[in-house]
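# Per-entry structural report
Listed below, chain by chain, are the residues.
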Amino acid sequence: MSEEKKYVLQVKDLHTTFVTDSGEVQAVNGVSFNLEPGKILGIVGESGSGKSVTAYSIMQILAENGRVTSGEVLYNGEDITKWSKKQMTGFRGKCCSIIFQDPMTSLNPVFTIGNQLEEAIRLHTGKSKKEAKERAVEMLKLVGVNEPAKRVKQYPFELSGGMRQRVMIAMALACEPDILIADEPTTALDVTIQAQILELMQELQHKLGMAIIIVTHDLGVIADMCDEIIVMYGGRVCERGTADDIFYEPAHEYTKGLLRSIPTAGNTHERLQPIGGTPINLLNMPEGCAFCTRCDNAMKICLTQVPEELQVGEHHRASCWMNVKQAMEEAAK
Ligand SMILES: Nc1ncnc2c1ncn2[C@@H]1O[C@H](COP(=O)(O)OP(=O)(O)OP(=O)(O)O)[C@@H](O)[C@H]1O
Ligand SMILES: [Mg+2]
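This structure is a prediction, so every number in the text was calculated from the model and none was measured.

### Looking at the overall build of the protein chain
- Tallying secondary structure elements over the protein chain gives 14 helices and 12 strands in all.
- The C-alpha radius of gyration computed for the protein chain amounts to 21 Å, which stays within 12% of the reference 20 Å derived for 333 residues, consistent with globular compactness.
- For the C-alpha atoms alone, the extent of the protein chain along its principal axes is close to 70 × 50 × 45 Å.
- By residue count, 49% of the 333 residues in the protein chain fall in the buried class.

Structural data, given as structure tokens:
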């Protein structure tokens, strides 16, 4: 199988900027990753690291002042950055669907749940009104909403946060996309409901076989379900690997900081330690590694040169000069 056919989605050296009154915000600075059909990819990073903008760039739903300035997004080997508006409307929903960060802003308060689900279904399939109605009830049942026939007549405010999130998932899955992007799907929910929603997503992934990109700032919450995790900082991927690689052998100083700041299995005896310094100013990116201004181990080279991505394990890669230093020290022994 050719390299391109193997992946349902490939993002290659993606750059996205926003024009603002204070200058150009470089929100995504060369992000690359591959997604195989039916696999789950986690994207983690602090607030402002460019996770949502990466997702919006893929779907071409950036704010007016935003633009993908370079890079490719391949869907089954085809570069969709070259697609027309009409083709992209088809892409959104049928090929790739997104669950937005805030379910309340993405559900329309003046329409019933049923109306909104039916509209999403009819927009992307040739189904009649009656068929769409049936499908809406079916989808609510699939995502574990109780009394679905009654729920379709309710408005978003009548549902709990967990139920609204289930409705959002139903809406995103209504057209059985190949890829589901879930942008912080559980942030607004309490821990028990959070676990239920993640479990549901995994269950649906098994049942429907789609690939999932799950975006979060909370590494601990998604680690179990991901086939691969990429860690982002300053609009770049600083590390990628399996959950075990990232948790037990972090190879980027930022990831190490992130792990020290969250309660994880490996971190139960130590006190949690937030990463020091101020988050990066994307209007004024450092010349070298994006994390250098906050890194306790930064060396001279870190300030001036962007580190290349280095293989540090079978499926594990990181962009940190510390790995180069270690490799050179080992070689000199
Ligand atoms: N329309 C816009 N105009 C200017 N800057 C923007 C715009 N949208 C996003 N940005 C900037 O792009 C950067 C990346 O934002 P993004 O929303 O991708 O972060 P994130 O990683 O999703 O964070 P969070 O965890 O808070 O959701 C931020 O600095 C943000 O301020
Ligand atoms: Mg976001």
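### Describing the packing of helix α5 (residues 113-124) against helix α8 (residues 161-173)
- Two numbers describe how α5 lies on α8: the axes approach to 9 Å, and their chain directions differ by 20°. In terms of orientation, α5 lies roughly parallel with respect to α8. Handedness of the α5/α8 crossing: right-handed. Residues I113, Q116, L117 and A120 of α5 lie in contact with α8, whose contacting residues are V167, A170 and M171.
- The residue makeup of the contact of α5 with α8, split by class, is 6 nonpolar, 1 polar and no charged.

### Focus: helix α9 (residues 191-208)
- Its 18 residues give α9 an end-to-end C-alpha distance of 26 Å, which sits within 8% of 26 Å, the value for a rise of 1.5 Å per residue.
- Of all the positions in α9, only Q194, I197, L198, L200, M201, L204 and Q205 are classed as buried. The buried side chains of α9 occupy one side of the element, clustering within an arc of 155° when seen end-on. Exposed positions of α9 whose direction lies more than 90 degrees from the buried face are V191, T192, E199, H206 and K207.

### Overview of the site of ligand 1
- What surrounds ligand 1 is a group of 16 residues, the closest being S47, G48, K51, V53 and Q101.
- Between ligand 1 and G48, the relevant distance is 2.8 Å, taken from an oxygen atom to a main-chain nitrogen or oxygen of the residue.
- The fraction of the free accessible surface of ligand 1 (640 Å²) that becomes covered by protein chains is 70%.
- For the shell around ligand 1, the element with the most residues is helix α2 (residues 51-59), which contributes 3 residues.
- Looking at the shell around ligand 1, its residues break down into 5 nonpolar, 8 polar and 3 charged.

### Thoughts on the packing of α8 against α9
- Contact geometry of α8 with α9 gives a least axis separation of 10 Å together with a crossing angle of 20°. Overall, the two elements α8 and α9 adopt an arrangement that is roughly parallel. By crossing handedness, the relation of α8 to α9 is classed as right-handed. Residues G162, Q165, R166, I169 and L173 of α8 pack against I193, Q196, I197, L200, M201, L204 and L208 of α9.
- Tallied by class, the residues present in the contact of α8 with α9 amount to 8 nonpolar, 3 polar and 1 charged.

### Looking at the sheet that holds strand β5 (residues 78-79)
- Reading across the sheet, the 4 strands line up as β2-β1-β4-β5 and stay open at both edges, with antiparallel pairing between neighbours. Taken across any chain shown, the strands that pair with only one partner, and hence form the sheet edges, are β2 (23-35) and β5.
- Sheet analysis places strand β4 (residues 66-75) next to β5, joined by 2 bridges and oriented antiparallel. Paired with L74 across the two strands is D79, which belongs to β5.
- Lying on the sheet, α2 is in contact with β1 (9-20), β2 and β4; it crosses β1 at an angle near 105°.

Thresholds applied
- Residues numbered from 1 in each chain as written.
- Chains lettered and ligands numbered in written order.
- Predicted model: local features only at pLDDT ≥ 70, side-chain atom pairs only at ≥ 80, totals over all residues.
- Heavy atoms only, no water.
- Helix = DSSP H or I, 4+ residues; strand = E, 2+ residues; numbered from the N terminus.
- Rg over C-alpha atoms; globule rule 2.2 N^0.38 Å.
- Buried < 20%, exposed > 50% of the residue type's maximum accessible area, 1.4 Å probe, protein only.
- Axes fitted to C-alpha atoms, helices over the stretch in contact; angles between N-to-C directions.
- Parallel < 35°, antiparallel > 145°, perpendicular 65-115°, else oblique.
- Left-handed = near helix turned anticlockwise from the far one by under 90°.
- Contact = heavy atoms within 4.5 Å.
- Nonpolar A, V, L, I, M, F, W, Y, C, P; charged D, E, K, R; others polar.
- Expected span 1.5 Å × (residues − 1).
- Arc of directions from axis to C-beta.
- Near = heavy atom within 4 Å.
- Polar contact = N/O pair within 3.5 Å; in protein donor to acceptor, adjacent residues only side chain to side chain.
- Areas by Shrake-Rupley, 256 points an atom, 1.4 Å probe, with all protein chains shown as cover.
- Pairing = 2+ DSSP bridges.

Purely geometric numbers; function is a separate question.
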